[in-house]
Every structure is written in C-alpha cells, then in structure tokens.
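Listed here are the chains, written in short residue letters.
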Amino acid sequence: TSIILCLFEVIPLYWEAYVVITFLADLRTYCPAHYEDLDNNEKEQEQKFKTEYFKKRFTISRSLLKRILQPVLGADNPSDILLRKGKGGRVIVPGRPGIYISLSYSGHLTAISIGKQKIGCDIEEVRPVKTRKIETSPVFIHYNCSKDRAPLQQVIHAWTLIESYAKLHDKNPYPLLNSCALFRNANFVSYCIDNHVILSLASGKIQFTHTLVWLDTPGTEKSYLP
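Visitor: Explanation requested: the packing of aromatic side chains in the structure shown.
Guide: Remark: the centre distance and the inter-plane angle together describe each pair of aromatic rings, the angle taken between the planes. Going through the model one piece at a time under the given rule, you end up with four aromatic pairs. Taking 5.4 Å as the distance between ring centres and 40° as the angle between the ring planes, the aromatic pair formed by F49 and F58 counts as tilted. The buried category is assigned to F58, whose relative accessible area is 7%. Plain terms: the ring middles of W159 and Y174 are 5.3 Å apart, the flat faces sit at 40° to each other, and that makes the pair tilted. Taken together, the positions of W159 in helix α7 (residues 151–168) and Y174 in the loop between α7 and α8 (181–185) put the pair 15 residues apart, joining distant regions of the chain. W159 gets classed as buried once you look at its relative accessible area, which sits at 12%. When the ring centre of Y105 is taken as origin, the NZ or CZ atom of R57, which lies over that ring, is 4.0 Å away.

Visitor: Honestly, the pattern of salt bridges in this entry has me stumped. Any pointers?
Guide: Side chains that differ in charge, positive against negative, can pair when their charged atoms come close. With the rule as written, the count across this model stands at nine salt bridges. The partner of D26 in a salt bridge is R28, and the shortest N-O contact between them spans 2.9 Å. On the basis of relative accessibility, which here comes to 10%, the residue D26 falls in the buried class. Residues R67 and D37 are paired through a salt bridge, measuring 2.7 Å at the closest nitrogen-oxygen approach. Separated by 30 residues along the polypeptide, R67 in helix α4 (residues 52–73) and D37 in the loop between α2 (32–36) and α3 (40–47) bring together distant segments of the chain. When salt bridges with common partners are traced through the structure, they connect E42, R62 and K66 into a single cluster.

Each value, and the rule that gives it
- Residues numbered from 1 in each chain as written.
- Predicted model: local features only at pLDDT ≥ 70, side-chain atom pairs only at ≥ 80, totals over all residues.
- Heavy atoms only, no water.
- Phe/Tyr/Trp six-rings, centres within 6.5 Å; stacked < 30°, edge-to-face > 60°.
- Buried < 20%, exposed > 50% of the residue type's maximum accessible area, 1.4 Å probe, protein only.
- Helix = DSSP H or I, 4+ residues; strand = E, 2+ residues; numbered from the N terminus.
- Lys NZ or Arg CZ within 6 Å of the ring centre and 35° of its normal.
- Salt bridge = Lys/Arg side-chain N within 4 Å of Asp/Glu carboxyl O.

Set out below in structure tokens:
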C-alpha cells in the first residue's frame, strides 16, 4: 500500500487515533520560511554547523517538527513552540512531558516520530556498509531475519533495531551489539520503503499503535518487515 500524504491540518486526527506517528520528509525541500520558524537559540545553534547540508538538515527538521506540533499543541504559530535538548540529546517540549520525540536522518530523508509514550526511531538507506561486525554480533545471530530479503537488507534492518532501541534508552548503540536484551525488553515496528530504505521504531514492553505518513512526497510503497 502507498504511504499516505499527510496535510498539517489533519494531524490532530492522527494524534487522536495513534500512539505514535512517524512523518517522512525530503530534506531537499528547504526554503527560507523554514529558517523563520527557529527561535534565537536555534538560530545560534544552526550557525555552529560547519556545512550547508547540516545547517539545512537542522533547520528543516526543527521547522517541520514545530509545524507538526502546532496543531497538536494548539499554538498560533510554529515559531511560538519552544524546543530544547533533554537527556541524551533528545528533543523535548518543555512543560509537555506527555509528548515524546525521536528524529533520524539518512541521505536526503528525515523521519520525525512523535508519540504519547517514549520511543526510538531510526531510518537507514540500504547502502554498502561494513557488515562483519553486525553479522557476527549476538543481536544478529538471534535476529529473526526473513529469508526473502537480501543479506544487506537484513544487516541494515538489524542495525535499525539496535539504533532505535539505543535512542529509546538514550544509549550508545555500539555496546548493544553484544547484547540480545533489546528483543526481550522492547516492542519493534519496522517498515521497508521503496525496497531501499528501512525504518524501525522501538518502544517499551507495551505494544503501541502507529502509522507512517509523508509530509511532502506521496506515492512511495511501503511494506512491513517481519
């Protein structure tokens, strides 16, 4: 099935229906209006990035996050929404402990997850990577891979599980390669997008309802990973 194109005005309906919503957006859609959504603290932070790519990535993701949250919070303007860094670098909305955020980037895509419970999100393009360390890890050995998926897809999928679990617990992902605890202590949801991008979400032991939508580019195909 196709990923739904989500308009900002219908976000409250999704927020009412699901525990977690993940929004996909193309980082190449940068426009000067995104910069105007940043507050002075964020504009100073943007200037600290050394390349235009990272400056635009920060600006677009913060702007889109504010525009997503605007109808949820009932704010008059995106620029009225205050975002700050919390524990482990997680983006938070001060004074709103019931809203949880997780961001991830890969290539020209960003994934913005907002939830009513703590979550971790990771998106990865299927691209050539050094696979040996992952393939020999306890996580991958116990990973219930699908036989109809290419070996590289399996490795990338396993890594998104590790990375999303690490973000859930505000941890460094690399030590988790040596542990299988993540499969006992979390619920995962994974998507394969256009057969070359994999997205995984991690939450606690309580299962959660979720949906994946495009903010700007309709028509791409998704499928659930086993």
